[in-house]
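One letter stands for each residue in the lines below.
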There are 2 protein chains.
Amino acid sequence: MSGYELAKTFDSSIGFFWKADHQQIYRELSKLRDRGHIQGHEVVQSGKPNKLVYTLTSEGRAAFRHWAARPSSPPMIKDDLLVRLCALDSVDIEPLRADLMARLEHHRDRYARYERILKKLFPDGTATSVADTGKLLGLRIGLRHERTVAEWCEEAIETLSAISKPASVLLLEDSRRENNG
Amino acid sequence: MSGYELAKTFDSSIGFFWKADHQQIYRELSKLRDRGHIQGHEVVQSGKPNKLVYTLTSEGRAAFRHWAARPSSPPMIKDDLLVRLCALDSVDIEPLRADLMARLEHHRDRYARYERILKKLFPDGTATSVADTGKLLGLRIGLRHERTVAEWCEEAIETLSAISKPASVLLLEDSRRENNG
DNA sequence: CTGACTTTTTCGCGTTACGGTAAATAACGG
DNA sequence: CCGTTATTTACCGTAACGCGAAAAAGTCAG
């Protein structure tokens, strides 16, 4: 692909777990070219300026295999939310609750998107090729993750709601429960 | 706290979702001091060199509240593993499988640690103060996350095992299943 | 032909967050 | 004096990225 094409298709492919604007992509392409991992070929176009289509070299493919074979450690989850929870008593609850509700929506949305992709690519839930197996596994952890975090968001929102209610409301609810139960 | 104390206690507190060595901590402390968010007071010690204990200023506390009230977006999960799964057919399976097994152990370990902390801090599973509520919620998402990822690791390892087995083994297992079932 | 717009690529500046190595203090014990 | 611990600082570098712009090449409407 050319840098321009990569920049356009990035968000809808690996964009789920990696962001890069066009400049970053061009920068990385230059680096890879300098290291001999990819090679650029100018492709003439009619009606548009020519483009520089990059292809993997054999060295590049080998380097990738080598990179992929090296042990990795799980990434840190650097989430502002966790910091705010650590210091919950020094924080305004309402904006935090709003944030959690936005996140809940976000994770539900992502879950739905992954489910749609899953049903489209793997209608019967199984992969046939090796490449598909990898994508299926990626989808599965995505689905699991979004579901988990969404569930936690619901729990957290409920918990925070209880905090932000004044004691009088809690008393009211208590007496109601007594009357009804 | 002083920078030295922070560096010592960092790993066992926020260290679960943030890493920082002593230099990084000193650097950040300097920045915060320059911005007036914290103030350093020299504390004389006997038997040791004096230390610079930093305390939050009222501006610092206000800045934190302000920061904590601003909407945040969920962090990206930049995980090498996902890249390798995306290109599973260009990757050696065995080291990947080994990596997954290491991860499985890591996440099980973390799960156990969180569980131990939970039982120690919240024996009955409920928090009394607002500060505790935040920590409990943090523990809960940690537990959920580790369990989810560990389960996924098991699934992925099994899936990859099926791939790396030659077809003859699969045939053998098929015929065994037929004879036994 | 000019001006606006798309496609494709590049440049130059800055920042944040880090890692590495070491050194400067200060106090202690032997 | 030397080695060790505690405490802080200095200096060097890097990877990854954002910002804002602009160059170059082509299209099309007015």
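Residues numbered from 1 in each chain as written. Chains lettered and ligands numbered in written order. Predicted model: local features only at pLDDT ≥ 70, side-chain atom pairs only at ≥ 80, totals over all residues. Heavy atoms only, no water.

Draft legend 1. Seen up close, the overall build of chain A. Tallying secondary structure elements over chain A gives 7 helices and 2 strands in all. Ordered by position from N to C terminus, the α and β elements of chain A give α-α-β-β-α-α-α-α-α. Here the C-alpha atoms of chain A give a radius of gyration of 24 Å, more than 25% beyond the 16 Å that 2.2 N^0.38 yields for 181 residues. Over its C-alpha atoms, taken along the principal directions, chain A stretches across nearly 80 × 40 × 40 Å. Residue burial in chain A is summarised as follows: out of 181 residues, 32% are buried. If you average the places of the 28 positive and of the 26 negative side-chain charges in chain A, the two averages end up 8 Å apart. (Helix = DSSP H or I, 4+ residues; strand = E, 2+ residues; numbered from the N terminus. Rg over C-alpha atoms; globule rule 2.2 N^0.38 Å. Buried < 20%, exposed > 50% of the residue type's maximum accessible area, 1.4 Å probe, protein only. Lys, Arg positive; Asp, Glu negative; His and termini not counted. Charge placed at Lys NZ, Arg CZ, Asp CG, Glu CD.)

Draft legend 2. Summary view of the side chain of serine 2 of chain B. Residue and element names in this part refer to chain B. Tracing the chain through its elements places serine 2 in the segment before α1 (3–9). On the basis of relative accessibility, which here comes to 3%, the residue serine 2 falls in the buried class. The contacts of serine 2, once residues within four sequence positions are left out, are Lys51, Leu52 and Val53. (Contact = heavy atoms within 4.5 Å.)

Draft legend 3. Inspection of the relation of the copies chain B and chain A at higher detail. In screw terms, the move from chain B to chain A is a rotation of 180 degrees and a rise of 0.0 Å along the axis, fitting with an RMSD of 0.1 Å. A rotation of that kind, with that shift, is consistent with a two-fold axis. (Least-squares fit on C-alpha atoms with pLDDT ≥ 70 in both.)

Draft legend 4. Quick peek at the protein's contact with DNA strand D. Looking at DNA strand D, there are 22 residues lining it, with Gln23 of chain A together with Tyr4, Tyr26, Leu52 and Lys78 of chain B nearest. Sugar plus phosphate: this is where 56% of the atoms of DNA strand D within 4 Å of the protein reside. Here a phosphate oxygen of DNA strand D and a side-chain polar atom of glutamine 24 of chain A are 2.9 Å apart. When residues of the surface near DNA strand D are traced back to their parent elements, those giving at least two are α2 (22–34) of chain A together with α1, α2 (22–34) and β2 (51–56) of chain B. (Near = heavy atom within 4 Å. Polar contact = N/O pair within 3.5 Å; in protein donor to acceptor, adjacent residues only side chain to side chain.)

Draft legend 5. Focus on the interface of chain B and chain A. Each side of the interface is counted separately: chain B has 59 residues, and chain A has 59 residues. Summing both sides of the interface, chain B and chain A together bury roughly 5,800 Å²; the carbon and sulfur share of this comes to 67%. When the buried surface of chain B facing chain A is broken down by residue, Phe17, Leu137 and Arg144 of chain B rank first, second and third, together holding 11% of it. At the surface where chain B touches chain A, the tally comes to 10 salt bridges. (Buried area = accessible area lost by both parts, 1.4 Å probe. Salt bridge = Lys/Arg side-chain N within 4 Å of Asp/Glu carboxyl O.)

Draft legend 6. Quick peek at the protein's contact with DNA strand C. In the vicinity of DNA strand C, 24 residues are found, and the nearest of them are Tyr4, Pro49, Leu52 and Lys78 of chain A together with Gln23 of chain B. In DNA strand C, atoms within 4 Å of the protein come from the sugar-phosphate backbone in 52% of cases. Interatomic distance of 2.5 Å between a side-chain N/O atom of lysine 78 of chain A and a phosphate oxygen of DNA strand C. Glutamine 23 of chain B is positioned such that a nitrogen or oxygen atom in its side chain is 2.7 Å from a base oxygen of DNA strand C.

Draft legend 7. Local environment of the domain arrangement of chain A. Partitioning chain A into structural domains gives domain 1 (3–69) and domain 2 (80–180). Spacing between the C-alpha centres of domain 1 of chain A and domain 2 of chain A amounts to 35 Å. (Domains from an automatic or database assignment.)

Draft legend 8. Local environment of the side chain of arginine 84 of chain A. Tracing the sequence through the fold places arginine 84 of chain A in helix α4 (residues 80–86). The class of arginine 84 of chain A is buried, set by a relative accessible area of 0%. Discounting chain neighbours no more than four positions away, the residues touching arginine 84 of chain A are Val91, Leu96 and Asp99 of chain A together with Trp67, Ala68, Arg70 and Ser72 of chain B.

Draft legend 9. Examining the pattern of salt bridges more closely. The final tally for this structure, using the stated rule, is 22 salt bridges over all chains. Between arginine 84 of chain A and aspartate 99 of chain A there is a salt bridge, with its nearest N and O atoms 2.7 Å apart. Of this pair, arginine 84 of chain A sits in helix α4 while aspartate 99 of chain A sits in helix α5 (residues 93–121), and the two are 15 residues apart along the sequence. Of the two residues, arginine 84 of chain A and aspartate 99 of chain A, both sit in the buried class. When the shortest N-O distance is used, the salt bridge between glutamate 154 of chain B and arginine 108 of chain B registers 2.7 Å. With glutamate 154 of chain B in helix α6 (residues 130–164) and arginine 108 of chain B in helix α5 (residues 93–121), this pair connects stretches of sequence that are 46 residues apart. Looking at arginine 108 of chain B, the relative accessible area reads 46%, which means it is partly exposed. It is possible to trace a salt-bridge network through shared partners that takes in Arg140 and Arg144 of chain A together with Glu151 and Glu155 of chain B.

Draft legend 10. Here's a closer look at the packing of aromatic side chains. Applying the stated criterion across every chain, the model contains 4 aromatic pairs over all chains. When the ring of phenylalanine 16 of chain A is compared with that of tyrosine 114 of chain A, the centres are 5.2 Å apart and the planes differ by 70 degrees; the resulting orientation is edge-to-face. One end of the pair, phenylalanine 16 of chain A, is in the loop between α1 (3–9) and α2; the other, tyrosine 114 of chain A, is in helix α5, with 98 residues separating them in the sequence. Neither residue differs from the other here; phenylalanine 16 of chain A and tyrosine 114 of chain A are each classed as buried. The side chain of lysine 78 of chain A reaches across the aromatic face of tryptophan 18 of chain B, ending 4.3 Å from its centre. (Phe/Tyr/Trp six-rings, centres within 6.5 Å; stacked < 30°, edge-to-face > 60°. Lys NZ or Arg CZ within 6 Å of the ring centre and 35° of its normal.)

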